[in-house]
Amino acid sequence: MIAIDTLAVHAGRTGLTEQGVHAVPIDLSTTAPLPSVHDGGLAYEQMATGGVPLDGQSTVYQRLWNPTVARFEDGVAALEGAAQSVGFASGMAAFSAVLLAAQSEGKTHVVAVRPLYGGTDHVLASGLLGNQVTFVKADGVRDALRPDTGLVVVETPANPSLDLVDLNRLVSDAGDVPVLVDNTFATPILQQPLKHGVAMVLHSATKFLGGHGDAMGGVVATSAEWATRLRRVRAVTGGILTPWPAYLLHRGLATLPIRVRAQQDHAHKIAAALASHELVAKVYYPGLPECDPLHLVGTQMSGPGSLMAFDVESAEHAERIPGAVRLITHAVSLGGIDTLIQHPAGLTHRPVAPEAKPQARMLRLSIGLEDPTDIIEDLVQAIESTR
Ligand SMILES: *Cc1c(COP(=O)(O)O)cnc(C)c1O
């Protein structure tokens with residue numbers, strides 16, 4: 001077994017020496033030469049139904065397949081221990097494709113464990129893509145299943161409150177229904193959900209996988225069967241990952257293990273400093289024992305990661321803090337090289353129904369690679385100057 005740090009550097013880079021290059025080439029072609037109407041037509045049919053081009057076949061058109069995107073997909077599949085992965089324009093494009101693929105046999109009901117990322121919650125609750133949804137807590141999955149349930153959706157750690165869900169138990173409760181895990185917060189470095197029997201693992205690649213806040217993408221790591229269904233939806237609906245961001249996201253994979261571990265080290269220190277501050281009412285971080293009642297850190301997850309949230313005493317105070325940070329950036333998104341702070345109730349979870357919306361006195365932090373001492377100093381001055 002090759003170690004994950006080695007895979008992160010090398011996966012998706014086969015054949016470069018034969019091509020006489022060392023960096024991954026970026027193929028920007030939107031269309032590809034066709035050998036003949038007959039063979040071009042066969043290649044089109046191969047990919048429009050979710051296949052990948054056979055050896056020597058024309059790739060026909062970028063919406064069907066692209067070699068730079070395929071290299072990134074190979075990289076993610078290797079890290080997640082998946083047969084294949086499928087790249088999309090964003091995490092939400094990836095999630096939409098999963099919903100459509102899961103519904104293709106008439107099973108339009110989804111069981112979704114809250115809390116979820118605001119956009120995921122919104123698309124499910126709106127029914128915009130033709131689904132019905134039952135929102136549950138992690139222990140309510142079994143009772144919510146119906147004959148027409150085609151998908152169970154869960155996020156762990158969850159956005160923004162860092163709740164952890166026991167995947168072995170969830171998969172057993174879901175029975176025959178495929179489970180999708182949003183693994184954006186943990187990354188494959190800390191958690192590999194496919195080992196627990198889930199069907200699909202989704203990432204907003206915009207976050208940790210790219211890691212530098214400059215490329216959008218989504219990806220689903222899964223079996224060959226599900227990948228075929230997802231590529232078919234992607235070819236038809238057009239939510240493709242394009243070559244430029246695919247190149248950047250793939251480059252991000254090489255440093256993913258060291259970034260994740262370094263950011264996690266910093267997060268430990270920052271969570272401890274916040275937990276001991278008199279103006280902080282509560283810290284949500286899976287590395288704190290009270291936030292991991294099921295003892296999933298050390299078993300399901302190899303570490304608690306670098307996302308956290310904290311409550312102050314009032315919503316008014318929480319709303320003033322992001323305006324007072326100097327080194328940290330007040331911005332949504334997460335998983336990049338620099339530390340970000342945002343107010344979930346007002347921003348990322350704005351569309352969520354009132355009963356499931358995060359508290360207005362909560363702020364979420366994504367810890368970056370800066371020296372944690374500087375981040376603690378900035379947080380303390382922002383919290384104290386706005387009290
Ligand atoms: C950001 C995010 C998404 C959505 O991904 P985009 O790339 O923004 O479309 C989905 N799930 C989680 C947990 C996220 O943080």
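1. Some thoughts on the overall build of the protein
Within the protein, the secondary structure is distributed over 13 helices and 12 strands. Over its C-alpha atoms the protein spans a radius of gyration of 21 Å, differing by no more than 12% from the 21 Å that the globule rule assigns to 387 residues. Counting only C-alpha atoms, the protein reaches 75 × 50 × 35 Å along its principal axes. By residue count, 56% of the 387 residues in the protein fall in the buried class. Approximately 16,400 Å² of the protein is accessible, and the part contributed by carbon and sulfur atoms is 55%. Mean positive and mean negative side-chain charge positions of the protein (27 and 38 charges, respectively) differ by 3 Å.

2. Thoughts on the sheet that holds strand β7 (residues 218-222)
Ordered in space as β1-β7-β6-β5-β4-β2-β3, the seven strands form an open sheet in which the pairing is mixed. Of all strands in the sheet, those bounded by a partner on one side alone are β1 (84-88) and β3 (132-136). Across this sheet, the average inter-strand angle for adjacent strands is 20°, counted without regard to direction. Direction of pairing for strand β2 (residues 109-113) relative to β3: parallel, over a ladder of five bridges. Across the sheet, residue His-109 finds its bridge partner in β3, namely Gln-132. Sitting on the sheet, helix α10 (residues 224-237) is in contact with β1, β6 (200-204) and β7, with an inclination near 20° to β1.

3. Here we look at the site of the ligand
The local shell around the ligand holds 14 residues, among which Gly-91, Asp-182, Ser-204, Thr-206 and Lys-207 are the closest. Within the contact set of the ligand, an oxygen atom lies 2.8 Å away from a side-chain nitrogen or oxygen of Thr-206. A total of 380 Å² of accessible area belongs to the ligand in isolation, and the protein chains cover 94% of it. Classifying every residue of the shell around the ligand gives four nonpolar, seven polar and three charged.

4. A word on the nonpolar core
Phe-72, Val-152, Val-154, Leu-170, Val-179 and Leu-209 are the most contacted members of the largest nonpolar core, which totals 55 residues. Element by element, the count of residues in this core is highest for helix α11 (residues 243-275), at seven residues. Beyond its immediate sequence surroundings of up to four residues, Leu-209 is in contact with Phe-72, Val-76, Pro-188, His-203, Val-219, Leu-249, Gly-252, Leu-253, Leu-256 and Arg-259.

5. Thoughts on the packing of helix α4 (residues 67-80) against α11
The interhelical angle for the contact between α4 and α11, taken along N-to-C directions, is 30°, at an axis separation of 8 Å. Of the possible angle classes, the one that applies to α4 and α11 is roughly parallel. Like other packed secondary-structure pairs, α4 and α11 cross with a definite hand, here left-handed. Seen from α4, the contacting residues are Thr-68, Val-69, Arg-71, Phe-72, Gly-75, Val-76 and Leu-79; seen from α11, they are Pro-243, Ala-246, Tyr-247, Leu-249, His-250, Leu-253 and Leu-256. Here the residues of the contact of α4 with α11 are counted per class, giving 10 nonpolar, three polar and one charged.

6. A look at helix α5 (residues 91-103)
Compared with the 18 Å implied by 1.5 Å per residue over 13 residues, the 18 Å span of α5 between its first and last C-alpha is a close match. Burial analysis of α5 places 10 of its 13 residues in the buried class, the great majority of the element. Buried within α5 we find Gly-91, Ala-93, Ala-94, Phe-95, Ala-97, Val-98, Leu-99, Ala-101, Ala-102 and Gln-103.

7. As for the sheet that holds strand β12 (residues 362-366)
Taken together, five strands build an open sheet; the order of strands is β8-β9-β12-β11-β10 and the sheet is mixed. Each edge of the open sheet is held by one strand with a lone partner, namely β8 (280-284) and β10 (329-330). Two strands pair when backbone bridges link them, and β10 and strand β11 (residues 340-342) are joined in this way by two bridges, in the parallel orientation. What sits directly across from Thr-329, in β11, is Leu-340. Contacts from α11 reach β8, β9 (307-312) and β12, with the element oriented near 10° to β9.

8. Observations regarding a nonpolar patch on the surface
Together, Ile-26, Leu-28 and Trp-244 give the surface a local cluster of nonpolar side chains, amounting to about 300 Å² of exposed area. Summarising the element assignment, Ile-26 is placed in the loop between α2 (16-19) and α3 (37-48).

9. Regarding the packing of α11 against helix α13 (residues 372-385)
Running from N to C, α11 and α13 cross one another at 30°; their axes reach a closest spacing of 9 Å. By the angle between their directions, the pair α11 and α13 is classed as roughly parallel. Regarding α11 and α13, the two cross each other, and that crossing is right-handed. Contacts between α11 and α13 involve His-266, Lys-269, Ile-270, Ala-273 and Leu-274 from the former and Pro-372, Ile-375, Ile-376, Leu-379 and Ile-383 from the latter. When its residues are assigned to classes, the contact of α11 with α13 shows eight nonpolar, one polar and one charged.

10. Quick look at the packing of aromatic side chains
All chains considered together, the criterion is met by one aromatic pair. Their ring planes at 85° and their centres at 6.3 Å tell us that Trp-244 and Tyr-247 sit as a pair that is edge-to-face. A residue pair is termed a helical-turn pair when its members lie 3 or 4 positions apart in one helix, as Trp-244 and Tyr-247 do in helix α11 at three residues. According to the relative accessible area criterion, Trp-244 is partly exposed, its value standing at 49%.

Cut-offs and rules
Residues numbered from 1 in each chain as written. Predicted model: local features only at pLDDT ≥ 70, side-chain atom pairs only at ≥ 80, totals over all residues. Heavy atoms only, no water. Helix = DSSP H or I, 4+ residues; strand = E, 2+ residues; numbered from the N terminus. Rg over C-alpha atoms; globule rule 2.2 N^0.38 Å. Buried < 20%, exposed > 50% of the residue type's maximum accessible area, 1.4 Å probe, protein only. Areas by Shrake-Rupley, 256 points an atom, 1.4 Å probe, with all protein chains shown as cover. Lys, Arg positive; Asp, Glu negative; His and termini not counted. Charge placed at Lys NZ, Arg CZ, Asp CG, Glu CD. Pairing = 2+ DSSP bridges. Axes fitted to C-alpha atoms, helices over the stretch in contact; angles between N-to-C directions. Contact = heavy atoms within 4.5 Å. Near = heavy atom within 4 Å. Polar contact = N/O pair within 3.5 Å; in protein donor to acceptor, adjacent residues only side chain to side chain. Nonpolar A, V, L, I, M, F, W, Y, C, P; charged D, E, K, R; others polar. Core = buried A, V, L, I, M, F, W, Y, C linked by side-chain atoms within 4.5 Å. Parallel < 35°, antiparallel > 145°, perpendicular 65-115°, else oblique. Left-handed = near helix turned anticlockwise from the far one by under 90°. Expected span 1.5 Å × (residues − 1). Patch = residues over 30% accessible without salt bridge, like charges linked within 9 Å, V, L, I, M, F, W, Y side chains within 5 Å. Salt bridge = Lys/Arg side-chain N within 4 Å of Asp/Glu carboxyl O. Phe/Tyr/Trp six-rings, centres within 6.5 Å; stacked < 30°, edge-to-face > 60°.

These figures come from the coordinates and say nothing about function on their own.
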